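# Structure at a glance
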Amino acid sequence: MDKQSILRREYLRRAGAFGVTIGGASMAGCLGNGGGGGKPKAIRLGTWGGTWQDLMIKAVVKPYKKETGINAEYVLGDNTDRLNKIIAQKKNPPVDVSQQDGSGLVRGSNAGLWRKLDSDTVPMLDKIPDNFKGDDWVMQIFAASGLLYNPKKVKSKPTTWDAYLDPQYKGKVGLFTEDPTHDVLAFSLAKTGGKSFKNVDKAFEMYENVVKNMDPEYITSSEEYGKMFSQEKIVLGRYWSARAAQWESEGKPVTSIIPKSGAMTTNFGNAIPKNISDDKAKWAGKFIDFTLRNQAAKVVAKEMYYTNPNPKAKYPDSVSEKLVKSEDLKKLNVPDFDWIAQNRSSWRERANKIINKHG
């Protein structure tokens, strides 16, 4: 275990036994849930909508409510938008738990947004390896940022990221344009033979080649990526191994590999905004603890094929074979979250300029 993002375009509104969905973080304060003492009726969870929200309800919210009697209210959206709202409302945060990708967690930490975490707040914390936690955040899931392909259409199994530039796949490759970070990291590994994921200039040379010469499909959500593979509008792309395993289990023509030059891990986790009340922080910590328990790990792995950072989590055999394996870890790089957080917005601008130039 030494080397161990999910955009939803629609804000879904849900109501029922396990919480209410809020269309934007600015509305959260209207729920009368932020300040008072004692046990809260609900905690406010900032997260993604769609299938991830459904899974969180099943894996975490239901057992959490059963044990504590506390419900959940959801503030949904892209992690960057939600983080920016926490920054804007730092003195009165719109959520009690914020779910972010790794760079979002570090960006929040650098901005002084999160409370310190310890084993009193999150009892499972001591069991999590150090590379999956910081002083004020902890990961919940990870997978590989792998090379996905349609085994029916790609007859020769691709082994390198250079498959992105193979002329036979022109018009059939995908780029995740909502956030180009992991495409950039993968292309850096490609151009340096696996020596570095930080050679951004070489990575963008390849990115521009793909945009200019391969007529790629520009994709902005996990659901869209899966649909593109299902409809065979694309046959190759860079995305999460966990998503590929999920789609494959649903009968979609897609699988994933880790190229010879390696790949990155993708990581998502939780933090508690600093300026919520102590009472809310106590129950927010317990909520995060539930995300690290074996029950949650099993449910998430079974339905979405992400691995939990809890090294003692146990999975069914049919699931474990589709998770990141120990032999895979030698070819996987844990992202430098701090560096990514500092550069992510500039990469997005740079990618957009290339697309606008050649699109």
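Residues numbered from 1 in each chain as written. Predicted model: local features only at pLDDT ≥ 70, side-chain atom pairs only at ≥ 80, totals over all residues. Heavy atoms only, no water.

## Comments concerning helix H7 (residues 241–249)
For the record, the criterion: Remark: exposure states derive from per-residue accessible area (1.4 Å probe, protein chains only) relative to the maximum for the residue type, with buried under 20%, exposed over 50%, and partly exposed in between. A helix here means a DSSP run of H or I that spans at least four residues, while a strand means a run of E at least two residues long, and both kinds are numbered starting from the N terminus. For this analysis, residues touch if any pair of their heavy atoms sits within 4.5 Å.
Among the nine residues in H7, seven count as buried, and that is most of the element. Those residues of H7 lying buried are Ser241, Ala242, Arg243, Ala244, Ala245, Gln246 and Trp247. Among the structural elements, helix H1 (50–68), strand E5 (138–149), helix H6 (222–230), strand E8 (236–240), strand E9 (255–257) and helix H9 (294–304) are those in contact with the buried residues of H7. Phi turns positive, to about 90 degrees, at Gly251, one or two residues after H7.

## Concerning the side chain of Ser188
Among the structural elements, Ser188 can be located in helix H4 (residues 181–191). For Ser188, a relative accessible area of 0% translates into the label buried. With near-sequence residues (within four places) excluded, Ser188 lies in contact with Ser196, Phe197, Lys198, Asn199 and Ala203.

## Side note on unusual backbone geometry
Residues other than glycine predominantly adopt negative phi, and peptide bonds predominantly adopt the trans conformation. At Glu232, a residue that is not glycine, the phi angle is positive and equals roughly 60 degrees. Positionally, Glu232 belongs in the loop between H6 and E8. Phi is positive for Tyr305, which is not a glycine, with a value near 65 degrees. Relative to the assigned elements, Tyr305 resides in the loop between H9 and helix H10 (317–320).

## Here we look at the pattern of salt bridges
Operational definition: Note on definitions: salt bridges are taken to be side-chain nitrogens of Lys or Arg within 4 Å of carboxyl oxygens of Asp or Glu.
Taken as a whole, this structure holds 18 salt bridges when the rule is applied. Note that Glu303 and Lys58 form a salt bridge whose closest N and O atoms lie 2.3 Å from each other. Placement of the pair is Glu303 in helix H9 and Lys58 in helix H1, with a sequence separation of 245 residues. With a shortest N-O distance of 3.3 Å, Glu67 and Lys286 are connected by a salt bridge. Of this pair, Glu67 sits in helix H1 while Lys286 sits in helix H8 (residues 278–291), and the two are 219 residues apart along the sequence. Owing to a relative accessible area of 47%, Glu67 belongs among the partly exposed residues under this scheme. One continuous salt-bridge network, built from bridges that share partners, spans Glu67, Lys286, Asp289 and Arg293.

## Remarks on the confidence of the model for the protein
The following threshold applies: For every residue, the pLDDT score states the predictor's confidence, bounded by 0 at the bottom and 100 at the top.
Mean pLDDT over the protein: 88, with 89% of residues reaching 70 or higher. Averaged over each element, pLDDT in the protein is lowest for strand E1 (residues 20–22) (57) and highest for helix H5 (residues 200–213) (98). Contacts for the low-pLDDT stretch residues 1–18, under 50 throughout, to residues beyond four places or in other chains number 75 contacts. Considering only residues more than four positions removed or in separate chains, one finds that residues 23–36, a stretch of pLDDT under 50, has 31 contacts.

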